[in-house]
Amino acid sequence: MLAIDGGRPVRPKDRFIIFGAPCIGEEEISEVVDSMRKRWIGTGPKVARFEEVFRELKGRRHAIAVNSCTAALHLAILALGIRQGDEVITTPMTFCATVNAIIHAGGIPVLADCETDTMNISPEEIEKKITRKTKAILVVHFAGRPCDMDAIMELARRYDLYVIEDCAHAIEASYKGIQAGCFGDVGCFSFYVTKNITTGEGGVIITDNDRIAERVKMLALHGMSKDAWLRFSDQGYRHYEVIHAGFKYNMMDLQAAIGLHQLEKLQIFRKRRREIWDYYNDRFADLPVFLPPKPEPETEHAYHLYTPLIDTDRFGKTRDWVLNALTAENVGCGVHYLPIHYHSFYKKNLGLKMGDFPAAEWIGNRTISLPLSGCLTDDEVEDVVKAFRKVLTG
Ligand SMILES: *Cc1c(COP(=O)(O)O)cnc(C)c1O
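Note that the structure is a prediction, hence the values are computed from the model and not measured. (Residues numbered from 1 in each chain as written. Predicted model: local features only at pLDDT ≥ 70, side-chain atom pairs only at ≥ 80, totals over all residues. Heavy atoms only, no water.)

**A short note on the pairing of strand β5 (residues 162-166)**
Looking down a regular strand, the side chains alternate between one sheet face and the other. Counting buried positions along β5 yields 4 of 5 residues, so the element is predominantly enclosed. Examined bridge by bridge, strand β4 (residues 134-140) and β5 share 5 bridges and lie parallel to one another. The partner of A136 across the bridge, within β5, is Y162. Running through helix α6 (residues 149-159), the crossover from β4 to the neighbouring parallel element β5 is right-handed. (Buried < 20%, exposed > 50% of the residue type's maximum accessible area, 1.4 Å probe, protein only. Helix = DSSP H or I, 4+ residues; strand = E, 2+ residues; numbered from the N terminus. Pairing = 2+ DSSP bridges. Right-handed = clockwise from strand over helix to strand, strands pointing away.)

**Side note on the sheet that holds strand β8 (residues 186-190)**
Pairing within the open sheet is mixed, and its 7 strands lie in the order β1-β9-β8-β5-β4-β2-β3. Each edge of the open sheet is held by one strand with a lone partner, namely β1 (62-66) and β3 (108-111). Mean inter-strand twist for the sheet, computed between neighbouring axes without regard to direction, equals 20°. Inspection of the sheet shows β8 paired to strand β9 (residues 203-207) by 4 bridges, in the antiparallel sense. Paired with S190 across the bridge in β9 is G203. Here helix α2 (residues 45-58) sits on the sheet and contacts β1, β8 and β9; the angle it forms with β1, its principal contact strand, is near 135°. Packed on one face of the sheet, α6 meets β4 and β5 and runs near 170° to β4. (Axes fitted to C-alpha atoms, helices over the stretch in contact; angles between N-to-C directions. Contact = heavy atoms within 4.5 Å.)

**So, the site of the ligand**
Near the ligand, the surroundings consist of 16 residues, among which T70, D166, H169, S190 and K195 are the closest. D166 has a polar side-chain atom sitting 2.7 Å from a nitrogen atom of the ligand. Within the side chain of S190, one N or O atom sits 2.7 Å away from an oxygen atom of the ligand. When the free accessible area of the ligand is taken as 380 Å², the share hidden by the protein chains comes to 94%. (Near = heavy atom within 4 Å. Polar contact = N/O pair within 3.5 Å; in protein donor to acceptor, adjacent residues only side chain to side chain. Areas by Shrake-Rupley, 256 points an atom, 1.4 Å probe, with all protein chains shown as cover.)

**Thoughts on the sheet that holds strand β6 (residues 174-175)**
One open sheet holds the 3 strands; their spatial order is β7-β6-β11, and the pairing between them is antiparallel. Among the strands making up the open sheet, the edge pair consists of β7 (178-179) and β11 (299-300). Looking at chain direction, β6 and β11 are connected through 2 bridges and run antiparallel. Paired with S174 across the strands is E300, a residue of β11.

**Here's the deal with the domain arrangement of the protein**
Quoted interface sizes are often the accessible area lost when the parts come together. We note that the domain assignment places domain 1 (26-264) and domain 2 (266-393) within the protein. Look at where the C-alpha atoms of domain 1 and domain 2 centre, and you get two points 25 Å apart. Taken together, both faces of the contact between domain 1 and domain 2 bury some 3,200 Å²; the carbon and sulfur share is 65%. On the domain 1 side of the contact with domain 2, M93, R145 and E172 bury the most area, a combined 20% of that side's loss. Our enumeration of links across domain 1 and domain 2 arrives at 2 salt bridges. Residues R145 and E296 are paired through a salt bridge, measuring 3.2 Å at the closest nitrogen-oxygen approach. The interface formed by domain 1 and domain 2 contains 17 residue pairs in polar contact (both at pLDDT 80 or more). Among the secondary structure elements, those contributing two or more residues to the side of domain 1 that touches domain 2 are α4 (96-104), β3, β6 and α8 (253-264). For the side of domain 1 that touches domain 2, the element with the most residues is α4, which contributes 4 residues. (Domains from an automatic or database assignment. Buried area = accessible area lost by both parts, 1.4 Å probe. Salt bridge = Lys/Arg side-chain N within 4 Å of Asp/Glu carboxyl O.)

**Quick notes on the state of the cysteines**
Throughout the structure, instances matching the rule amount to 1 disulfide. Between the sulfur of C23 and that of C375 lies a disulfide, 2.4 Å long from S to S. Measuring handedness by torsion sign, the sulfur bridge of C23 and C375 sits at about -90° and is left-handed. With C23 in the segment before α1 (26-38) and C375 in the loop between α13 (358-364) and α14 (378-393), this pair connects stretches of sequence that are 352 residues apart. Summary of cysteine pairing: C182 is not part of a disulfide, and the nearest cysteine sulfur, belonging to C167, is at 8.1 Å. (Disulfide = S-S within 2.5 Å.)

Written out as structure tokens, the structure is:
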């Protein structure tokens, strides 16, 4: 397999660097095997433990484990009582799940443009989009960089809006000493394979509100009353009552088994990603790219994605050309994201068009995500650097 210039690729084909490869150790493997041997693979003691550890990590009253962040967002919006026709403001620079969750809950997603440097939703743009129908602001701490929460919480207070935090990238992030997920009414996290830590598929919802927690728990398991979670436990059979047409969103012990050990390594992985992130910024300073800005003062960045923007004017080639060239060097990369309104469904159904979100478009046409997994070896990082430099200077 040849590089895009016809020469030899930086990385041999059989050692292709997979973007977002998870870090799985023997501890995770043994814990899953333990669940299998005990034959408790569904929702059970390990999920309860996982919730406990997460609750303590975040210092919130409740943590409810579910089977994805998409499910977490869906339930969070429902539990807040968002109704048909209510508007929820979010960013065009996010994964489709953020917007789909609003739609599935019956709400209307209203997009507010992001900032070109932080790539996070702009408080000024949020304020422009607030109407009498607005019920909530759904922020995304993009790439692990916390949003401007002082300004956003001030808007929420002034207009009496709920705040939901999509922390899929941001488990380790904090802003002025407060952790991501602890500002809003609800925080939602993802443990998808490529995220900072993984359970295969998985998510969690955190909140301080007892009523929201109870509602989320009920909706996550068919809409059954509280005791249903215990119905097959060692306390013997109990009747349950269905009080709502709920969903099947519960996390399994097989997933929590992985997650318990991943949580222990949270800061080890982050430290490694931070090291790589800083190293990339250092080694790419002379290239025709806009580098991710340093974290803002008084914040902790979760370093989920490393997203340089190709300076297409200066470089003279498109982002997609770079994407293909890097792939030919056997370095896997991603795009986070093509803005929401580039997708036909949202364009059509939300009445959006090109030009509506200039900052998101500017980013969406230039952004590329390089490998930033917590278990990349020095050798792999060096090859990513070599390949990116080759592609952008060649
Ligand atoms: C990954 C992701 C989600 C969805 O997470 P899942 O656990 O895969 O459902 C939601 N929002 C953002 C910003 C994400 O990156």
